[in-house]
Structure formats: structure tokens, C-alpha cells
Amino acid sequence: SVKQGSSLNYIYAVYPYAEDVAINAEGNISLQLPEVQYYAENSFGVGAAPMVAVSNGAESELLYFKHSSGFLKLQIYGKDFVVKRIELKGNDNEKLSGAATIVAEYGSAPKITLLNSAVERVVLDCGDGVRLGEEESKATSFWFALPEVEFAEGFTVTIYDADKIPADKEGLDIGPKTAKLF
């Protein structure tokens, strides 16, 4: 939404639609990156990764959407285990979700900044639960949409089972070869 009386030199769009998205007169987009994302098989969940577009002028009719996020894909396997949710935190208190501002310019990648009130975690909600593949070749993929972030001290993943109890590391594998950034 643009406050009445504001004039923009470009056309801006954000997907998916959310009532709390705002664009100021300079074209800075304010929105919320979801703290809770929802599992989707072999992809990121609906609404997890906002996309933005900006025209090359106020009269342009073309909008090319670009992702404002990157992606972290974890491939996890283990015997007889159902994942209810996964929590991701940076080991250096990196902001990962919540209040954010995006600067979008025509022809450039969006630049996202998380505000001080942002949160230091992202939770992947797996609904009724996702049964893990039992061996590395059948590992289950879990995708997180994340703002541009450097995990200088690494990150911690906590996996919860169907009873919402943190999983014992024994029996699950999430080795260094299974985490990929996109």
C-alpha cells in the first residue's frame, strides 16, 4: 500500500500478497519474512520466499519478479523417524525472519535488510509430519527460504519428532555434504 499523496516513479509489486506490505515514496518495501515456513515436498513452502518486481518506469507494463531470498536445502535421513518441525538458528545470532525492508531497482537483485526487531530463527512446520528416507540415497529434502546471510559461526538445526521432542542426534544424519545454499 502507498499512502495517499505519494508519487512513485516506478511500479512495484510483491508476491505473495500480504496486507502488511508497504512501499514508501522512495520505493523501499516493508514486509515480514515469515518466522514459520511450511514444508513442501522438494521445494520451499508457499509464502516462504517473497518475490519483488519493479518496472523500468511509471508507464511500463512489464514486471519481472525476482526472489528476495536465498535457499538452504537440508537432506536428512534416518530410520523410522517422522519430522514434525525443524528449527534453524545461526550460531552468531543472525537475524533470519521478521520485519524487513527490501530495496528493489529495475534490473538489479533485490537487497533485503532485516530490522532490529527481526527474529533469530526460522521454523519449518511439517504439518502432520514427514517420514524420513532411511538411507542417504533416499534422504528427504527440507528447504528454508532465508535472507542473504553469512553464518560465520555456522548454524544449528533442531529437529523435532511427531511428539514435538527434539531428536537425539543418534540415528539421524545431516552431514556437511547434505546442506546446500542456493
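Residues numbered from 1 in each chain as written. Predicted model: local features only at pLDDT ≥ 70, side-chain atom pairs only at ≥ 80, totals over all residues. Heavy atoms only, no water.

Caption draft 1: How the structure looks around the environment of Val122. For Val122, the location among the structural elements is in strand E11 (residues 122-131). Among the residues examined, Val122 registers a relative accessible area of 0% and is labelled buried. Once you skip the residues sitting within four places of it in the chain, Val122 turns out to touch Glu35, Gln37, Ile86, Glu87, Leu88, Leu96, Ser97, Phe144 and Leu146. (Helix = DSSP H or I, 4+ residues; strand = E, 2+ residues; numbered from the N terminus. Buried < 20%, exposed > 50% of the residue type's maximum accessible area, 1.4 Å probe, protein only. Contact = heavy atoms within 4.5 Å.)

Caption draft 2: Focus on the confidence of the model for the protein chain. Considering every residue of the protein chain, the mean pLDDT works out to 86; 86% of them sit at 70 or more. Of all helices and strands in the protein chain, the one with the weakest mean pLDDT is strand E15 (residues 179-181) (48), whereas strand E4 (residues 36-38) scores best (97). Contacts of residues 175-180 to residues separated by more than four positions or lying in other chains number ten contacts, the stretch itself having pLDDT below 50. (pLDDT = per-residue confidence, 0-100.)

Caption draft 3: Representation of unusual backbone geometry in the model. Going from Tyr15 to Pro16, the amide bond is cis rather than trans, its omega being 0°. As for its position among the elements, Pro16 is in the loop between strand E1 (12-15) and strand E2 (22-23). For Asn42, which is not a glycine, the phi torsion comes out positive at approximately 60°. Of note, Asn42 is situated in the loop between E4 and strand E5 (51-54). With a phi close to 60°, Asn93 is a non-glycine residue in the positive phi region.

Caption draft 4: Main features of the pairing of E11. Taken together, the three bridges between E4 and E11 define a ladder with parallel strand orientation. Considered in E11, the bridge of Val36 is made with Val123. By the bridge criterion, six bridges tie strand E8 (residues 82-90) to E11 in an arrangement that is antiparallel. Its bridge partner being in E11, Val82 is matched across the sheet by Arg131. (Pairing = 2+ DSSP bridges.)

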